[in-house]
Amino acid sequence: MGNSNGIMNESPIPLYYQIYVDLKNKLLINKLVDENGKLPAEKELAESYKVSRVTMRQAIAELEKDGLIVRYRGRGSFLKSQPNPILHKLGLPGQAGRVRIDKSPEIVELSHFDTTYEHIGRALNYEGDIFFIKRIFRVDCNPVAINRIWIPAVFTPELDKKGLCVEGSLSKTLKEVYHLKIDRRKNVIEAVRPSVSDIELLKITYDTLLLQITSKSFLKDNVPYEYSVTSWIGDVIRLEVDVEDIEHGITFLK
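As the structure is a computational prediction, the values presented were derived from the model and not from experiment.

Draft legend 1. Focus on the nonpolar core. Counting 18 residues, the largest nonpolar core has I19, L23, Y49, M56, L63 and I69 as its most contacted members. For this core, the elements supplying multiple residues, two or more each, are α1 (15-28), α2 (42-49) and α3 (53-65). Examining the composition of this core, we find that six residues originate from one element, α1, more than from any other. Setting aside residues no more than four positions away along its own chain, M56 makes contact with I19, L23, E42, L45, A46, Y49 and V51. Listed in part, the 15 residues of the second largest apolar core include I101, A145, I213 and W232.

Structure follows, in structure tokens:
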């Protein structure tokens, strides 16, 4: 049986998570809050969904983890900011592709390995030592994506020692220090489940869907030099791709 809010008691999905999804959907279309951005009281919401206050507290805690709301003791819960999805244009580095992303992603790891994973080696047509970079993208200090990058060491000697030394930017460091300029990028987009590491770094639940963009970047002479995987929390990202029909073929505009 379900209630008027569409919550199914017999569903294998935990009640608190069903409520969290429903509340989040209502916030995304500007429902639920009053003119001051305040959510109904926890007790009122629990009665509306016909669940205990403990269950409702769990659902509200998930909204807080997502950075959608902020809770004040004695005042209640308030919409933190307009929760519109992040617009991400699948262009080239240096273009105004992302909005609302905090400046300078957090570098979680920058390592030098003696060997290359087999599937990455095939993608880059490369065998040998390689640099690995793991970064976290944030909005208002809240994690929204994990970016993993592999670059053959032959292109970027001593990257682990120099770091992203130009304004903390990978693209600027590659261009200004190593004189590498991307000519084109091939993207593959798919929906995936998070790994244990993803759950920990993004502060999400096991059943959160991620939108994963796997990219291979090329130099002007068609030499692949970078392989990356960016895992976005699915409901915070909206992709924009321009497509043009040229002589009955399909071309993606950069």
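Draft legend 2. The arrangement of the environment of Y225 in detail. Relative to the elements of secondary structure, Y225 occurs in strand β9 (residues 224-233). Measuring from C-alpha to C-alpha, the distance between Y225 and T156 comes to 9.8 Å, with 69 residues separating the pair along the chain.

Draft legend 3. Inspection of the pattern of salt bridges at higher detail. Scanning all chains against the criterion turns up ten salt bridges. Between R57 and E42 there is a salt bridge, with the nearest N and O atoms lying 2.7 Å from each other. Remark: E42 occurs in helix α2 and R57 occurs in helix α3; sequence separation between them is 15 residues. Looking at R57, the relative accessible area reads 38%, which means it is partly exposed.

Draft legend 4. Focus on the sheet that holds strand β5 (residues 130-139). With antiparallel pairing, six strands are arranged side by side in an open sheet as β4-β5-β6-β9-β8-β7. Of all strands in the sheet, those bounded by a partner on one side alone are β4 (106-113) and β7 (184-192). The sheet shows a mean angle of 15° between the axes of neighbouring strands, direction not considered. With nine bridges connecting them, β7 and strand β8 (residues 210-218) associate as antiparallel partners. Within β8, the position partnered with V192 by the bridge is L210.

Draft legend 5. The packing of aromatic side chains, seen in detail. The final tally for this structure, using the stated rule, is seven aromatic pairs. Ring geometry for F137 and W232: centres 5.8 Å apart, planes at 35°, overall tilted. You can see F137 sitting in strand β5 and its partner W232 sitting in strand β9, a full 95 residues away along the chain. Pair check on accessibility: F137 and W232 agree, each one buried. Considering the side-chain rings of F155 and Y225, the 6.3 Å spacing of their centres and the 75° angle between planes classify their relative orientation as edge-to-face. Here the residue F155 occupies a position in the loop between β6 (142-152) and α5 (159-162), and Y225 occupies one in strand β9, the gap between them amounting to 70 residues. Joined through ring pairs, the aromatic side chains of Y16, Y17 and Y20 make up one cluster.

Draft legend 6. Local environment of the pairing of β8. Most of β8 is tucked away, with seven of its nine residues classed as buried. For β8 and β9, the ladder comprises nine bridges, and the chain directions are antiparallel. When the bridges of β9 are listed, F218 appears paired with P224. Joining the antiparallel neighbours β8 and β9 is a turn of five residues, in which N222 adopts a positive phi near 70°.

Rules of the game
Residues numbered from 1 in each chain as written. Predicted model: local features only at pLDDT ≥ 70, side-chain atom pairs only at ≥ 80, totals over all residues. Heavy atoms only, no water. Core = buried A, V, L, I, M, F, W, Y, C linked by side-chain atoms within 4.5 Å. Buried < 20%, exposed > 50% of the residue type's maximum accessible area, 1.4 Å probe, protein only. Helix = DSSP H or I, 4+ residues; strand = E, 2+ residues; numbered from the N terminus. Contact = heavy atoms within 4.5 Å. Salt bridge = Lys/Arg side-chain N within 4 Å of Asp/Glu carboxyl O. Pairing = 2+ DSSP bridges. Axes fitted to C-alpha atoms, helices over the stretch in contact; angles between N-to-C directions. Phe/Tyr/Trp six-rings, centres within 6.5 Å; stacked < 30°, edge-to-face > 60°.

Note that all results are geometric; they support no functional claim without further evidence.
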